[in-house]
Amino acid sequence: MSKVRIYTLAKELGVDNHKMLEILDGLGVSYKSVSSTIEEDTVELIKQIVEEEGAAVTGGGSEPDQAARTEPEQAPVEVQAAVQSGTVLSGTLEPAPGQLPVEGRATEAQPRPSEVAVQEVSAAAAQEIPHRAPVVTIMGHVDHGKTSLLDYIRKTKVAAKEAGGITQHVGAFEAKTSKGRIVFIDTPGHEAFTTIRARGANVADIAIIVIAADDSLMPQTREAIAHAQAAKVPMIIAINKIDLAQADPEKVKTDLTQLNLVPEEYGGDLIVVPVSARSGEGVEDLLEYISLTAELEDLRADPKGQFSGVVIEGKVDKQAGVLATVMVQEGTLHVGDFLVVGENYGKIKAMTDSGGARIKEAGPSTPVQILGFSDVPTSGDKVQSAKNEHAAREVIAQRASDRRDEEDARQRRKAQRSLEDILGPLGQVRTVNLILRADTQGSVEAIQGILARKETDDVKLNVMFAGIGAPTEGDVLLASTAEAEILCFSVTPSGAVTKIAETKGVEVKSYRIIYELIDEVDRLIKGNIEPVFEEQYLGRAEVRMVIRHPKTGNIAGSYITDGSFKRNAKAVVRRGKEVVYEGTVVGLKRFKDDVREVQQGYECGINLDWNDVMEGDIIEASEMVEVEQK
Ligand SMILES: Nc1nc2c(ncn2[C@@H]2O[C@H](COP(=O)(O)OP(=O)(O)OP(=O)(O)O)[C@@H](O)[C@H]2O)c(=O)[nH]1
């Protein structure tokens, strides 16, 4: 009995994939994606339904092709009987009573109410927000053929620029396929993808993971997969270099199952397409799968809506000045528009499409190169439009003020993190995200084996990625977006990676003994990470005179008799045996200068933001110090 893929059947019958899935849902047939296969019985039934619906809705106007019309023996009545008895149809078909209103189908002259509803809803949706082209990123291990694949697609699917000359690299290009436009991000590697994501933007709708058929899964393949999974972007696997004699696509598929990624032909839902970037074999299939996936994702954007976009690449051109490639995500860009990026703005002086042609406007899913920014924007920066220059400036002023507030708030939070901040709302299942790095596959597996037994009902351990070798910048970016901690065994991050981790606030911890690493995991599981602060004595000062200050109030002119005083330290004021005030050192002055700290033996002005300080008072300073926990 031969099986047929859903999308192949849809194509054959001339209906779109969504419609096909609706029919399958109506029949109660389970499937994973449009590339899942269906049994021959079901195929016959669907052909019947499509044929009848065509007749019912259009009065026979919609003509399915030959295959759909040449089944005279498959009379509707027989089909009904078969479905209702449940005896003839096998495999994945589970007729759900009530979901299958086949009665009277053969003689129906009008569409059923449910059909009308479906048609109306989709018509309304299409009217409201139109579909947009998918944006695809290609990731994979070094030398597996990302660039070659992109080059092949560019060469065969991008119309040559009329004016001639070499098209500049702008970080993205648009391919025209029989199924419509597909936009490829061609900034090499997954760095672009993760950098963009690390800045809070998601630009890719679909990730193609390229795996060389002669090399199978390699460390960066696993990384790329982890990134796509973390971004919840659908993945398509392109097994490349199938033209090579030593190519072993089956091994790649088996290796994928070890990552719990099960290719469709093994019963899973992972789309795997064998290709050769050299000969072009399979590339059409790959493009078709991209369109299918995009169709299922139902990607839409409103060209009339408020503009928003993301910077793909920015650079300085010696002649033109600052050039930025921006992906339009919503709305439409026009030459002359004011754009705001971060705390900068610019006016679009000129715009070119990815083929280098001058354009005046650009709608959703269009990468455009923009001339008009004064500073080079960073990839991943979000771009918005403003009505005019004044509005652009206002947005920037607001952003600068928000950023300062956020910085202040972060400082304050650091000082007073509560248990709930760290653990999340109590009583809920908490997930500890981890990225593991170790020197050998054996160590990785050993650690994962131990961790698998550590999960509790309240705490889930999620190893987002486990790899061999030192942690990379990509790991840090993944950790920063997913709030994960990077744990290393017998490997250490390079200086550059440590630096990025510091700026991103990502913890990278290295261990030489597995059980020390496991202890850290235990600590994370217990959530025993709230900092413990201890009050530590700083110093003592004697108030020798009270200085009246018109603005700040009374200042205690003091002499430091012991230790030191620091700005922001806690202060206790004693008068004889009595404590007369407790507060904070809000300011410290040496002569006219504000200072952070004053040592024993020096005179200084101490501002306690308290006006009743008196000569002879003793001020004691202390500070809260975070203590390391065992
Ligand atoms: N035989 C064969 N060779 C290929 C194929 N695709 C790529 N190659 C070769 O594999 C090598 C690496 O290809 P690239 O396209 O540079 O690989 P990449 O993944 O972009 O590599 P990086 O940019 O370095 O990460 C080159 O020598 C290509 O010619 C293919 O389908 N068949």
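Residues numbered from 1 in each chain as written. Predicted model: local features only at pLDDT ≥ 70, side-chain atom pairs only at ≥ 80, totals over all residues. Heavy atoms only, no water.

Within an unreviewed UniProt entry, the label attached to the protein reads Translation initiation factor IF-2, and the organism entered is Deinococcus cavernae. UniProt's Sequence similarities (unreviewed entry) comment on the protein is quoted here verbatim: "Belongs to the TRAFAC class translation factor GTPase superfamily. Classic translation factor GTPase family. IF-2 subfamily." The record held by UniProt for the protein lists under Subcellular location (unreviewed entry) the comment "Cytoplasm". (UniProt positions renumbered as here; feature names shortened; annotations may be inferred.)

**A word on the site of the ligand**
If you check the shell around the ligand, you find 15 residues, and the closest are Lys146, Thr147, Ser148, Asp243 and Ala277. Side-chain polar atom of serine 276 to an oxygen atom of the ligand: 3.3 Å apart, as the coordinates give it. In isolation the ligand has 650 Å² of accessible area, and contact with the protein removes 73% of it. Split by residue class, the shell around the ligand holds three nonpolar, seven polar and five charged. (Near = heavy atom within 4 Å. Polar contact = N/O pair within 3.5 Å; in protein donor to acceptor, adjacent residues only side chain to side chain. Areas by Shrake-Rupley, 256 points an atom, 1.4 Å probe, with all protein chains shown as cover. Nonpolar A, V, L, I, M, F, W, Y, C, P; charged D, E, K, R; others polar.)

**Description of the pattern of salt bridges**
With the rule as written, the count across this model stands at 29 salt bridges. One salt bridge connects glutamate 12 with lysine 47, and the closest N-O pair in it is separated by 3.7 Å. Pair noted here: glutamate 12 is in helix H1 (residues 6–13) and lysine 47 is in helix H3 (residues 40–58), with a separation of 35 residues, a long-range link. Residue classification places glutamate 12 among the partly exposed positions, given a relative accessible area of 24%. Aspartate 522 serves as the salt-bridge partner of lysine 454, at 3.0 Å between the closest nitrogen and oxygen. Of this pair, lysine 454 sits in the loop between helix H14 (441–452) and strand S18 (459–468) while aspartate 522 sits in helix H17 (residues 514–526); the two residues are 68 residues apart in sequence, bridging distant segments of the chain. Judged by its relative accessible area of 24%, lysine 454 falls in the partly exposed class. A residue is classified by how much of its surface remains accessible, and aspartate 522, at 23% relative accessible area, is partly exposed. Via salt bridges that share partners, Glu485, Glu507, Lys509, Glu520 and Arg523 belong to a single interconnected network. (Salt bridge = Lys/Arg side-chain N within 4 Å of Asp/Glu carboxyl O. Helix = DSSP H or I, 4+ residues; strand = E, 2+ residues; numbered from the N terminus. Buried < 20%, exposed > 50% of the residue type's maximum accessible area, 1.4 Å probe, protein only.)

**Description of the sheet that holds strand S15 (residues 366–373)**
As summarised here, the arrangement of the six strands in space is S9-S10-S15-S13-S12-S16, forming a closed barrel in which the pairing is antiparallel. For this sheet, the mean angle separating the axes of adjacent strands, direction not counted, is 45°. Where strand S12 (residues 338–341) lies against strand S13 (residues 344–353), four bridges are found, and the strand directions are antiparallel. Note that in S13 the partner of leucine 339 across the bridge is glycine 346. (Pairing = 2+ DSSP bridges. Axes fitted to C-alpha atoms, helices over the stretch in contact; angles between N-to-C directions.)

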